[in-house]
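Tertiary structure, described
Listed here are the chains, written in short residue letters.
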Amino acid sequence: MPTYRIAPSILSADFARLGEEVRNVVRDGADMIHFDVMDNHYVPNLTIGPLVCEAIRPHVQVPIDVHLMVKPVDRIIPDFAKAGANIITFHPEGSEHIDRSLQLIRDHGCKAGLVFNPATSLDYLTHVMDKIDIILIMSVNPGFGGQSFIPEALKKIAEARRRIDESGRDIMLEVDGGIKIDNIAAAAKAGADTFVAGSAIFGKPDYKAVINDMRAQLANI
């Protein structure tokens, strides 16, 4: 059975109590903290930067998974590594030289990965699998939380799983966008092992109950 990881996205957390929020969600069973970075350039929204990552780092021991929705990416990668990120992913469209950007992340001691929008081809993976630690499939168009899951993403998850299996490498397969209790199993059956959930967790009063329900769905696969 795969190792499943649940990664709550702080994009949906209460920013007035962010330290408390990340402590509570980890206490209630989160495996990672997902950190969405938007630049109002690559995506039509503006969120948070390295200083916020640095601020929450002392509050949790679990990995911080930074998703860069920015263009260009290379300038900001070292800042997030120094701020305490453990995993840094970016969109192929955000880099002029994907191989170099992946190596830059690894050179700073973090795990590196690529993020694929619903309409972005997985062919970007072909020549860089040796530098990939994680693949993130977007099941919504990036930019805003609270969107509905795009079912077509299941086919892309399955294709990414095939590529990972053929590579023989230990690569995480993450899915982000509209993940809830009622569709997490479908994403897992398609091949995902890491699940980003924002409003589905932070939008509910009992984080532990939601995370436990998600794990129950995964356990029944």
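Given the structure is predicted, the values throughout are model-derived calculations rather than measurements.

1. Here we look at the UniProt feature "active site" (unreviewed entry) in the chain
- On the UniProt side, "active site" (unreviewed entry) is annotated at positions that read Asp36 and Asp176 here. Across 141 residues of sequence, these annotated residues stay compact in space, with a maximum C-alpha separation of 10.5 Å.
- Mapped onto the fold, Asp36 is located in strand β2 (residues 33–38).
- There is a polar contact of 2.6 Å between the side chain of Asp36 and the side chain of Ser9.

2. Observations regarding unusual backbone geometry
- For the bond from Lys71 to Pro72, the omega torsion is 0°, close enough to zero to count as cis.
- Inspection of the secondary structure puts Pro72 in the loop between β3 (64–69) and α3 (77–83).

3. Thoughts on the pattern of salt bridges
- Per the counting criterion, the structure on display carries 18 salt bridges.
- One salt bridge connects Asp74 with Arg100, and the closest N-O pair in it is separated by 3.9 Å. One end of the pair, Asp74, is in the loop between β3 and α3; the other, Arg100, is in helix α4 (residues 98–107), with 26 residues separating them in the sequence.
- Note that Arg106 is salt-bridged to Asp133, the shortest N-O span being 2.9 Å. With Arg106 in helix α4 and Asp133 in the loop between β5 (111–116) and β6 (134–138), this residue pair connects regions lying 27 residues apart in the sequence.
- The class of Arg106 is partly exposed, set by a relative accessible area of 29%.
- Take Asp133: its relative accessible area is 15%, and that puts it in the buried class.
- Here the salt bridges do not stand alone but share partners, grouping Asp123, Glu159, Arg162, Arg163 and Glu166 into one network.

4. Comments concerning the state of the cysteines
- Inspection of every chain in the model, using the stated rule, returns zero disulfides.
- Cysteine Cys53 remains unbridged, with the sulfur of Cys110 as its closest cysteine sulfur at 8.9 Å.
- The exposure class assigned to Cys53 is buried, which follows from its relative accessible area of 0%.
- You can call Cys110 buried: its relative accessible area is 6%.

5. Section: the pairing of β3
- Counting buried positions over the six residues of β3 gives six, a clear majority of the element.
- Both faces of β3 are covered, namely the face carrying Ile64, Val66 and Leu68 and the face carrying Asp65, His67 and Met69.
- Pairing of β2 with β3, which is carried by six bridges, proceeds in the parallel orientation. By the bridge assignment for β3, Met38 is matched with Met69.
- In the classification by handedness, the crossover that spans β2, the intervening helix α2 (residues 50–56) and the parallel β3 is right-handed.
- By the bridge criterion, four bridges tie β3 to strand β4 (residues 87–90) in an arrangement that is parallel. Its bridge partner being in β4, Asp65 is matched across the sheet by Ile87.
- As a crossover connection, the stretch from β3 through α3 into β4 is right-handed.

6. Examining the side chain of Arg163
- Take Arg163: it is sitting in helix α5 (residues 153–167).
- Excluding residues within four positions of it along the chain, Arg163 makes contact with Leu122, Asp123, Leu125, Thr126 and Met129.

7. Looking at the sheet that holds β2
- Spatially, β1-β8-β7-β6-β5-β4-β3-β2 is the arrangement adopted by the eight strands of the open sheet, whose pairing is parallel. Sheet topology places β1 (5–8) and β2 at the edges, where each strand pairs with a single neighbour. Averaged over all adjacent pairs, the angle separating strand axes in this sheet is 25°, with direction ignored.
- Packing against the sheet, α4 makes contact with β4 and β5, and its axis sits at approximately 140° to β5.
- On the sheet, α5 packs against β5, β6 and β7 (172–176) and is oriented at approximately 165° with respect to β6.

8. Concerning the environment of Ile98
- In this fold, Ile98 is placed in helix α4.
- Sequence separation between Ile98 and Asp74 is 24 residues; the distance between their C-alpha atoms is 9.7 Å.
- Every residue in contact with Ile98, bar those within four places of it in the chain, is listed here: Phe90, Pro92, Leu114 and Tyr124.

Reading the values: rules and limits
- Residues numbered from 1 in each chain as written.
- Predicted model: local features only at pLDDT ≥ 70, side-chain atom pairs only at ≥ 80, totals over all residues.
- Heavy atoms only, no water.
- UniProt positions renumbered as here; feature names shortened; annotations may be inferred.
- Helix = DSSP H or I, 4+ residues; strand = E, 2+ residues; numbered from the N terminus.
- Polar contact = N/O pair within 3.5 Å; in protein donor to acceptor, adjacent residues only side chain to side chain.
- Salt bridge = Lys/Arg side-chain N within 4 Å of Asp/Glu carboxyl O.
- Buried < 20%, exposed > 50% of the residue type's maximum accessible area, 1.4 Å probe, protein only.
- Disulfide = S-S within 2.5 Å.
- Pairing = 2+ DSSP bridges.
- Right-handed = clockwise from strand over helix to strand, strands pointing away.
- Contact = heavy atoms within 4.5 Å.
- Axes fitted to C-alpha atoms, helices over the stretch in contact; angles between N-to-C directions.

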